[in-house]
Amino acid sequence: MTALRQVMSADQGLEEGRRLGLRLVRALNGTAVEPAGLAWLYTRCLGSRWAAGEALVAEMMAGLYAQHQYYGVIGVAQRVGPENVGAGAVRVALAAISKQQKMAKSRGALGFRGVARFMEEYRGDGCPFRQLARRLVDILGRRDPRLVSAQLLAKLLEIELLSVPTSAKLPRQVHPWLDAYFRYGVGPTVHAFTILMHAYLRCGDPEFALWIYQSMQRGSVTFVQEGRAESMRVPAPNDVALATVALVWCQRRQWAQLHGVLERLGEGGLVSQRLVTRAVSAMVDDGHVREAEDLWLKYGCTPGPNALSTRVVNDRALAKLVLGCTRAKEVVKATGYFQTCCEFASLSETPKTHLTGLFNAVLRCALDNAPGLVDLESLDTGDGRPDLDILRIARLHCVRFDGDTYSVLISHLSRVAHTHELDAVAGAMQNLYTRLCSEGIVLDDMMVCHLVPVWVYLDLGQLVTMYWRVHTRGRPQRKVAQFRRHIMYRAEDWGVKDRVTKLLS
């Protein structure tokens, strides 16, 4: 790093200094230097009086981008002078701006430190990402308009459209978004129109996204500019645009058209798993579980020749299918698909935390159809309850129980208390309480509501007093009164309403 500073401050030939600096930057990019340190060094060096040159700036950006230091690339792009901007540097800079913009959008706010400084510097009029991207393309265009390619303009268009909030109502016009293409004499590509389709889908206008696709099929689009009707040739749609149309049918809940598009994509093996996930999720949310199941079996689960490990399974779509089966009260199917989730999760090295949430959903659905009691033996082994096969599967695959799991079990026992011997139900619920405490799980309000009558029935008044104080301390009187009503409602089923009233007074 010291050598690079010396090169950039030395009084030697400009070209010789650039060549030496380029070798040093390439060497630094290939070492284990901490990426944030590289970003700091490059931005400081570019702030000096030395003209780095296009190749060196591009190499700096490429090295930082390869190490996912997108804000470092943005820092270099902010400090680079017009004389050092080349097509390669702009291409890497726009890619980094797009990545950083998506990361900031996914966080919901640009509150982390690096981008906070970036926002302050470029707050001006509108999105800072869009402003910096436009500035870089304009600098390149002023140097030589021929350097501005359709690829660069497509990335600029993506950045500009992503800066539009999803709540905005976009104008139903194509040509205003393509102004940069017209300015530089570059014909809009199919990629540009696909980006436009995604933008209108994201902002909740699938009808205009479909219109764009149909215009691509026709080969032209007509628009009004300065009072005159003008026509523009547009490229024919490709498979990516066709896949975007599938998202249109998902959003419009038109399943027959969706299946038609998937059939066409499937002929060439072009059905992406992201599309399968979106389609299955939309079908499940719309209550079409059977159609979602057929779609997943056809496109989301590709069987291999022999072993289970050779199969390609879309586990995200499968998880959504499990939840759909629980909503439809199809316990057997939900249990079977949950078992498939567990089997494929055991073959991967990714975290398996999502299995607990799926297990809780299937368990709740299964308990609604299982009138019997659930004891600790069933939880530990999963045996003896064929109607609750989900317990055996969970233990077989070491699915972790959490607070929601015990809440589901305790709520179930409380609901069936009036149809069984109270001593047996009380014992089972107290055993569950002991187990969850040993696992470090904290009781929520719902569990306390169900357990207070049990503790009173078992003459464990000290537990009632302790948890009542813990869960009412610092609460508004309205919330305390509501909490008391829920407890008293459960106390009636146990015949201990008077004793509970005395303890809570």
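Overview of the structure. (Residues numbered from 1 in each chain as written. Predicted model: local features only at pLDDT ≥ 70, side-chain atom pairs only at ≥ 80, totals over all residues. Heavy atoms only, no water.)

### Describing the overall build of the chain
Summing up its helical and strand segments, the chain has 27 helices and four strands in all. When each of the 505 residues of the chain is scored for burial, the buried share is 48%. Put simply, of all contacts in the chain between residues at least 6 apart along the chain, 64% involve residues at least 24 apart. Total accessible area on the chain stands at roughly 24900 Å², and carbon and sulfur atoms take up 52% of it. (Helix = DSSP H or I, 4+ residues; strand = E, 2+ residues; numbered from the N terminus. Buried < 20%, exposed > 50% of the residue type's maximum accessible area, 1.4 Å probe, protein only. Contact = heavy atoms within 4.5 Å. Areas by Shrake-Rupley, 256 points an atom, 1.4 Å probe, with all protein chains shown as cover.)

### Describing the nonpolar core
Counting residues in each nonpolar core, the largest one holds 160 residues, and the members touching the most others are Leu 258 and Phe 338. If sequence neighbours within four positions are ignored, Leu 258 has contacts with Ala 246, Trp 249, Cys 250, Ala 279, Met 283 and Leu 295. (Core = buried A, V, L, I, M, F, W, Y, C linked by side-chain atoms within 4.5 Å.)

### Thoughts on empty space enclosed by the protein
Tallied over the entire structure, the rule returns two cavities of 30 Å³ or more. For the largest cavity, the calculated volume is near 40 Å³. Leu 153, Leu 156, Leu 157, Glu 160, Trp 177, Ala 180 and Tyr 181 are the residues that line the largest cavity. Only α9 (150-162) and α10 (179-184) provide two or more residues apiece to the lining of the largest cavity. For the lining of the largest cavity, the element with the most residues is α9, which contributes four residues. (1 Å grid on protein atoms, 1.4 Å probe; cavity = no way out; pocket = protein on both sides within 12 Å on 5 of 7 lines; lining within 4 Å. Points joined across faces, edges and corners; volume = space filled by probe spheres on them.)

### Structural notes on the pattern of salt bridges
One side chain can pair with another of opposite charge once the charged atoms of both are near each other. Inspection of the entire model under this criterion finds 19 salt bridges. For Asp 179, the salt bridge identified is with Arg 183, shortest N-O distance 2.7 Å. One end of the pair is Asp 179 and the other is Arg 183, both in helix α10 and four residues apart, which spans about a single turn. The class for Arg 183 is partly exposed, based on a relative accessible area of 47%. A salt bridge links Lys 320 to Asp 285; its shortest N-O distance comes to 3.1 Å. In this pair, Lys 320 sits in helix α17 (residues 315-327) while Asp 285 sits in helix α15 (residues 273-285), placing the two residues 35 residues apart along the sequence. Looking at Lys 320, the relative accessible area reads 18%, which means it is buried. Salt bridges linked by common partners bring Lys 102, Lys 155 and Glu 158 together as one network. (Salt bridge = Lys/Arg side-chain N within 4 Å of Asp/Glu carboxyl O.)

This is a description of form; function is not addressed.
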